[in-house]
Every structure is written in C-alpha cells, then in structure tokens.
Amino acid sequence: MAVKDKLKTDLFPTIWCPGCGIGLIMQQLATVMDEVGLDKTNTVIVTGIGCTGRMGAYMNFESVYTLHGRTLPVAEAIKTVRPELNVIVVAGDGDTASIGGNHLLHSIRRNPNVTVLCNNNEIYGLTGGQTGPTTPKGTTTLSSPAGSGFSPINLQGLVNTNQNAFYAKTTVYHQGPMRRAIKEAIEWPGFAFVDIASQCIENNGRRIGFGSAFEMLEDYKSSYKAAPRGATHLEPKQLGIIKNEEPVPVGAAKPAGPSTDGEKA
Amino acid sequence: MTKRLVQGNEAVFLGAIKAGAGYFAGYPISPSSEILAQASGYAAKHPEFKFLQEEDEIASANAILGASLAGAKSFTATSGPGFSLMQEAVGYGHKVGIPAVIVDVMRVGPGTGMPTMPGQGDILQARYGSTGDYTSFVFYPSTVAECFEYTIHAFNAAEETRSPVILLSDAFLGHLNEVVDLDTIDVPVVNRTLEPLASGGTRLFSGVATYPDGEPATADSDEFIRQYLENRENRLKISEKYAFYEYGWNKDSDTLVIAFGITRRVAQPLAPHFALFRPIRLWPVLGNELTEIAARYKKIVVIEGSDGQYASVIEHMLLRRVERVPLLGGRMSLEAVREGLDRIGLLPKESEPGSATAADASASASVA
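Nothing here was measured: the structure is a model prediction, and the numbers come from that model. (Residues numbered from 1 in each chain as written. Chains lettered and ligands numbered in written order. Predicted model: local features only at pLDDT ≥ 70, side-chain atom pairs only at ≥ 80, totals over all residues. Heavy atoms only, no water.)

### Notes on the packing of aromatic side chains
Formally: Two rings from Phe, Tyr or Trp (for Trp, the six-membered ring) form a pair when their centres sit within 6.5 Å of each other. Planes less than 30 degrees apart are called stacked, planes more than 60 degrees apart edge-to-face, and all others tilted. Relative accessibility thresholds used throughout: buried, under 20% of the residue-type maximum; exposed, over 50%; partly exposed, between the two (1.4 Å probe, protein chains only). Under the DSSP-based scheme used, a helix requires at least four consecutive residues in state H or I and a strand at least two consecutive residues in state E, with every element numbered from the N terminus. Definition used: whenever NZ (Lys) or CZ (Arg) falls within 6 Å of the ring centre and also within 35 degrees of the ring normal, the charge is taken to sit over that ring.
By the definition in use, this model includes 23 aromatic pairs over all chains. Taking 6.5 Å as the distance between ring centres and 75° as the angle between the ring planes, the aromatic pair formed by Phe137 of chain B and Phe139 of chain B counts as edge-to-face. What makes Phe137 of chain B buried here is its relative accessible area of 0%. Look at Phe139 of chain B and you get buried, because its relative accessible area is 0%. Ring centres of Phe260 of chain B and Tyr310 of chain B lie 5.1 Å apart, and the angle between their planes is 75°; this geometry places the pair in the edge-to-face category. Of the two residues, Phe260 of chain B is situated in the loop between strand S12 (255-258) and helix H9 (262-266) and Tyr310 of chain B in helix H11 (residues 309-318); the sequence distance between them amounts to 50 residues. Overall, the relative accessible area of 0% leaves Phe260 of chain B in the buried class. Here a set of aromatic residues connected by ring pairs shows up, and it is made of Phe13, Phe24, Tyr42, Phe49, Phe51, Phe75 and Phe155 of chain B. Seen from the ring of Tyr58 of chain A, Arg54 of chain A lies directly overhead, with NZ or CZ sitting 5.5 Å from the centre. Positioned above the aromatic ring of Tyr134 of chain B is the side chain of Arg127 of chain B, whose terminal nitrogen or guanidinium carbon lies 5.8 Å from the ring centre.

Quick look at the structure:
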C-alpha cells in the first residue's frame, strides 16, 4: 500500500482554501496510517462540522460526518460496539472545545481508546472568521472587532485531568513532530489528544496581519520550540508529547500548564 | 409461560432486548429512569450488551446513532426535556438513514414542568421536533403488554425505514404495573438492514446533502427534492405494514372518541357511550383508516394530555370540526375527562342505558 491509496485523490482538489493547513494534517495522517497498517477494514474516521470535517470525505475509509460538536459521543459508541476498530476523530477547535466541550470533558474522564486530531486554527473558519474557544485574547475577528475579550480554553489542562492523559502539541509546519505525535496517539491505549496549530490564512491570518499562508508557517517555524526532555507539561509555543504512563492519582492531576496565550489557567 | 407483575418501563426494556438491542446510552430523567436502570443491570450480567450513562441527552442521542452505524441495534430513553435536546440528532439520523429507537416517557412540560406527572405534550415534538422535513414513525402503546410488543415493532420499523423511530409512553403508563405473560407475545424480529462500519467500503455517513457518491450536493435543489420525495414515498409504503390501531367500544354511538396511550385507559368507563378509535401509530397519521371510520360519526372528540395537539392534526386531516378534551397539568382522571366532556356538552347522562358499568364494554381490538 502507498500513502496515496489512503486518499480519494479523484475528489481532489479539495474544498479547502489555497494555503489552508488541513491538507497538511491529512497528508501526515495518511502517512502514519500507511506506516502502522490502518485501512478501511480496521479503521473508522469520525469528523465534526467545520472545514476540518470534510477530511473524512477525502479518505479511503468509512467515515462518519457527525453533527456539530458530536464527534466524541459517536466515536466512543463506535469503539464500544466494535473495540477491534481504530477510531480516529478529526475535528476543529470550535467543534471540539466549544459546542462539543461537554463531551470532551467527559470523554477525557472516561478515557476511551480513541484518537483525537484537533485542527487548531484559533478561529471559526468555515463561517467566515468568528472568535473561537481557542482564539488568543485581544485577537480581532469578525465577532470581536475590538479584540477577543477572553483567554482561550486550556486544552492541555483539560486533557491532563485524565489520569492517563496523552496530550501532544504540534504545528503543521513541524511535519516530523506532527507525524510522531499522530503515530504515538494512535498507538496510545486510551484517549489521546493531538492539538495541531494550523493556519487559516483566508479567515484569520489576513485579518491579524499575515500576508500569506507561508508567513504563517514561517511564524510557526520561528516561534515554536521543542519542549525539554522530561517536561511534565508544555509551555506556550512548545512542541511535545505529554503522556501519563503511570496513572496519576485522582485529584492530583498533572500541572495544567498555561493556556496558549501564556495566562495561567 | 409465567405471568408476573411487570412495569411499563421494564416492559419497554424487555421488548428492546427481545428485538435484539445491543447498545443503550442514556441520561437519568424522570419518569424514564427505570429503563436506564434496567439497561445498566442487564449490561452487568450480559457483556455483549453495551451500556453507557452519558453526560447529557445530546450525547445519548448521538451515541446511539454511532452505535447503530457500528452494527448494534441501539436505543435510548428519556422524557420531554431530554427529548428536546435530542432533536438535532433525530433529524441527523433521518438524513443519514440510521436505525435507532428513542423512547420518550412523557411528563408535563414545557421546561422542567411537572417531572413526575403524566403528560402527552410531545405528540408534535415527536413528529416535527427537528429542523427540516422528514417522515418519522411514532408508536404509543397503552398497556404494559403493549409496551413490550410495540417496542419490538419500533425496532423493526427503525430497521426497515433506517431512521430513528419514536416510542412514546407517559409517566402513568411507564410506572404502571400489570400482570402479564410476555412470553405469549410473539412479534417477528426484523434483522439488521445496515451494513456495519468498516465493512471494507468507503462510505461517508454525512448529515450534509450529498450525492450518492458522497460529494456535497449542498446547492442542488433538484437532487435534494429527488432524495426527499424518494425517502418519503419509501417510508409511507413501509408504514402500511405498521398500521396499528384499535377501533371498538360502542360503535353504534354517534360520537367517536379518539384517545391514545394512557388517556384511552382513563376513558375506559365511558365505553358504553362512545365509539373509540385509538391510533397506536400516531405518525404517520393513519389517514385512510381514520377517514373511513370518522365518516360514520356525527361528532369526534379527542381526549388527550395536551391542549389539542393531536386534535388539531386530526381536524386538519379530516377537514372537519373536532371537539377537544384536554387533560392538563397531569390530571389524567376519569373526573377530568367527564368535566371536559361536560364543557362541550357531550357528557352522557347517568340515566342513559349502559352507563352503570363499563365492565360489559370489552374493548375489541382490531389491529391491522
């Protein structure tokens, strides 16, 4: 099998805008799937509403394009009924952390063996560029012309409330670390969350001063650094994988770490 | 084989198991919680039966759809407020074509309302609660034995229509205990109709308007209309197999009472005075049957636990005036029925023949 066999290339070009980061995630996901032997007989893709949700349609797998925010209840039910399947959720930050936030909280608690790839572009892209749950404070968006008034949600902190947390942060620029994070997440025997910073040039980047998707990728390249070996949590703009190999006692979860704009949760 | 006391909610659960259910997800809500409890207890003893108490009803409704796609017959149980939360998923299930059963044990709404009191205020919600147009099946039993029987039919109809089917009950019926022998109820079970996920294909199960190959059809009105009409025609054809109703009582009366679920039981002592039409399949409306039967009567009165939800539907369908006896605020009593009939001048006089006892008015069930 080759990587391109994982994709419905006959449906290309995709609907994603030129310069969108989602295709980079799909490419690395397909690469990892090929590497670890995931195919349409052993894997199901569950996607949410938003630009990211279209990914299932472009992959040679059976795929459920759920209602907005409902990837996790659907994915968890599929995994419950068919534990032999690999269940991979691909959803945007708004779908996952805002409208689907309650499900996220409880899936983290129940720790089902599903993999979540969260396309985190810090914006509601498909609807034109409104403030999302991950939008940094002060960002100008369609729905926050004077700057977003609130700190973004602390995804790392939420995931770390799981006794066996798996949280990885990467960007679409850092293809190697992203591939490694996706691979380890798929192999992790529990709830694994990969938080992928990804550019939305058309409905976010230009409004906040970037001239092109390339500039946004350059920004990821220069601003993100690998976390030090042995880190128990990730600082802002750090790449890395945080895994609780040994269960953390209930009520003594790992340090939540700061949210993406540096404010303590 | 053995007669025993069975509760309405328990009978629903046992019917689901009989129908082959393999997955339940739910959230506690009165007066449906016994079904959740039954499911959890059953799952503890039968590992092949999967159970999850969800964080909310939105998760429950979406989970049963996911479980069904994965290959299990699935169901959830709730009451009015939870059912409202599930409505988006109902429409999604219709669009995608996913078999599942949602049990709504009705209480008095709106809002949190009267959580332990029986109501029938979800008649329209059960049909029109989700956004857009779809053709849904809704059944409403009125005895504990029927709770068992029609739960099986609901699962069967879900498979045949590939849609979420609604089984209505109410706080009164759900908590009613009756002596029944469920082993004597024999309903053939329809097997799964949907090939489970990861069968080797590359299907896309999408709530978005799509062409058969999965490409978006989000701006193609002709394709949308084609799919919708095909779906509606298919469902209405299937509905002919599920034309369940009861026609009986005093058929020589000049007044036809229409009552369903628990209100039919409450009104039973009036049997000598009125003819009865009890739809068991509330939706799609039993148009042909009702039109033919209603034509024999001068007056029609709907006794129901809402302010005329189904009366309006029947009035609209028959294009003639329909009297209303609403039983509101959980007041499901013969006294309330009599007061309602009195208000519209239809209360039988005590001296009229047959009014002394209802014992001789055995309900003659004519179930198609």
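After that view, the rundown keeps rolling.
### A look at the pattern of salt bridges
How we decide: Whenever Lys or Arg places a side-chain nitrogen within 4 Å of a carboxyl oxygen from Asp or Glu, that contact is recorded as a salt bridge.
All told, the structure shown has 26 salt bridges over all chains when counted by the stated rule. Arg110 of chain A is the partner of Glu54 of chain B in a salt bridge, and the nearest nitrogen-oxygen pair spans 3.5 Å. Of this pair, Glu54 of chain B sits in the loop between strand S3 (50-53) and helix H3 (57-70) while Arg110 of chain A sits in helix H4 (residues 101-110), on two different chains. Arg226 of chain B is paired through a salt bridge with Glu230 of chain B; the nearest N and O atoms lie 3.0 Å apart. Taken as a pair, Arg226 of chain B and Glu230 of chain B lie in helix H8 (residues 221-239) at a separation of 4 residues, close to a single helical turn. Overall, Arg226 of chain B belongs to the partly exposed group, its relative accessible area being 38%. Ionic contacts of the salt-bridge type, sharing partners, join the residues Glu76 and Arg110 of chain A together with Glu54 and Glu55 of chain B into one network.

### Things to note about the interface of chain A and chain B
Operational definition: Any two residues whose heavy atoms approach within 4.5 Å at even a single point are treated as in contact. Note on terms: buried area is the combined drop in 1.4 Å-probe accessible area of two parts once they are placed together, counting the loss on both.
On the side of chain B, 36 residues touch chain A, which itself brings 31 residues to the contact. Counting each side, the surface lost to burial between chain A and chain B is near 2800 Å², with a carbon and sulfur contribution of 60%. Among the residues chain A hides against chain B, the three largest losses belong to Glu62, Tyr65 and Leu67 of chain A. Together they make up 23% of the total. Our count for the chain A to chain B interface comes out at 4 salt bridges. Close ionic contact of Glu55 of chain B with Arg110 of chain A constitutes a salt bridge, the shortest N to O distance being 2.8 Å.

### Digging into the domain arrangement of chain B
The extent of an interface is frequently quoted as the accessible surface area lost upon association of the parts. Residue and element names in this part refer to chain B. To be explicit about the condition: Segment limits for the domains were obtained from an automatic or database-derived domain assignment.
As assigned here, chain B comprises domain 1 (4-184) and domain 2 (245-343). Inter-centroid distance (C-alpha atoms) of domain 1 to domain 2 is 25 Å. Domain 1 puts 29 residues into the contact, and the matching count from domain 2 is 23 residues. Both sides of the domain 1 and domain 2 interface together cover about 2000 Å² of buried area, and 62% of this is carbon and sulfur. Considering only the surface of domain 1 that becomes buried against domain 2, Gln120, Ile123 and Ser142 emerge as the three largest contributors, covering 29% of it. The tally of links from domain 1 across to domain 2 stands at 2 salt bridges. Residues Glu146 and Arg278 are paired through a salt bridge, measuring 2.7 Å at the closest nitrogen-oxygen approach. Within the residue set of the side of domain 1 that touches domain 2, elements represented by two or more residues are strand S6 (114-118), helix H5 (125-128), strand S7 (138-139), helix H6 (144-161), strand S8 (164-170) and helix H7 (171-174). At 3 residues, the largest contribution of residues to the side of domain 1 that touches domain 2 is made by S6.

### Thoughts on a nonpolar patch on the surface
Just so we agree on the cut-off: Surface patches are drawn from residues lacking salt bridges whose relative accessible area is over 30%; two like charges belong together within 9 Å, two nonpolar side chains (Val, Leu, Ile, Met, Phe, Trp, Tyr) within 5 Å. The method behind every accessible area is Shrake-Rupley, applied with a 1.4 Å probe, and residues are considered shielded solely by the protein chains displayed.
Taken together, the side chains of Phe224, Ile225 and Leu229 of chain B present a nonpolar region at the surface, about 280 Å² in accessible area. Relative to the helices and strands, Ile225 of chain B is located in helix H8.

### Concerning the sheet that holds strand S3 (residues 86-92) of chain A
Applied cut-off: Should DSSP find at least two bridges between two strands, the strands are regarded as paired. Fitted lines through C-alpha atoms give the axes, limited to the stretch in contact for helices. The angle between two N-to-C directions lies from 0 to 180 degrees.
If you walk across this open sheet you meet the 9 strands as S7(A)-S8(A)-S5(A)-S6(A)-S4(A)-S3(A)-S1(A)-S2(A)-S10(B), and the pairing is mixed. The open sheet terminates on both sides in strands that have one partner only, identified here as strand S7 (225-226) of chain A together with strand S10 (204-206) of chain B. Relative to strand S4 (residues 115-120) of chain A, S3 of chain A is paired through 5 bridges, and the arrangement is parallel. In the strand pairing of S4 of chain A, Val89 of chain A is matched with Val116 of chain A. Running at roughly 140° to S10 of chain B, helix H4 (residues 80-96) of chain B makes contact with strand S2 (62-65) of chain A together with S10 of chain B of the sheet.

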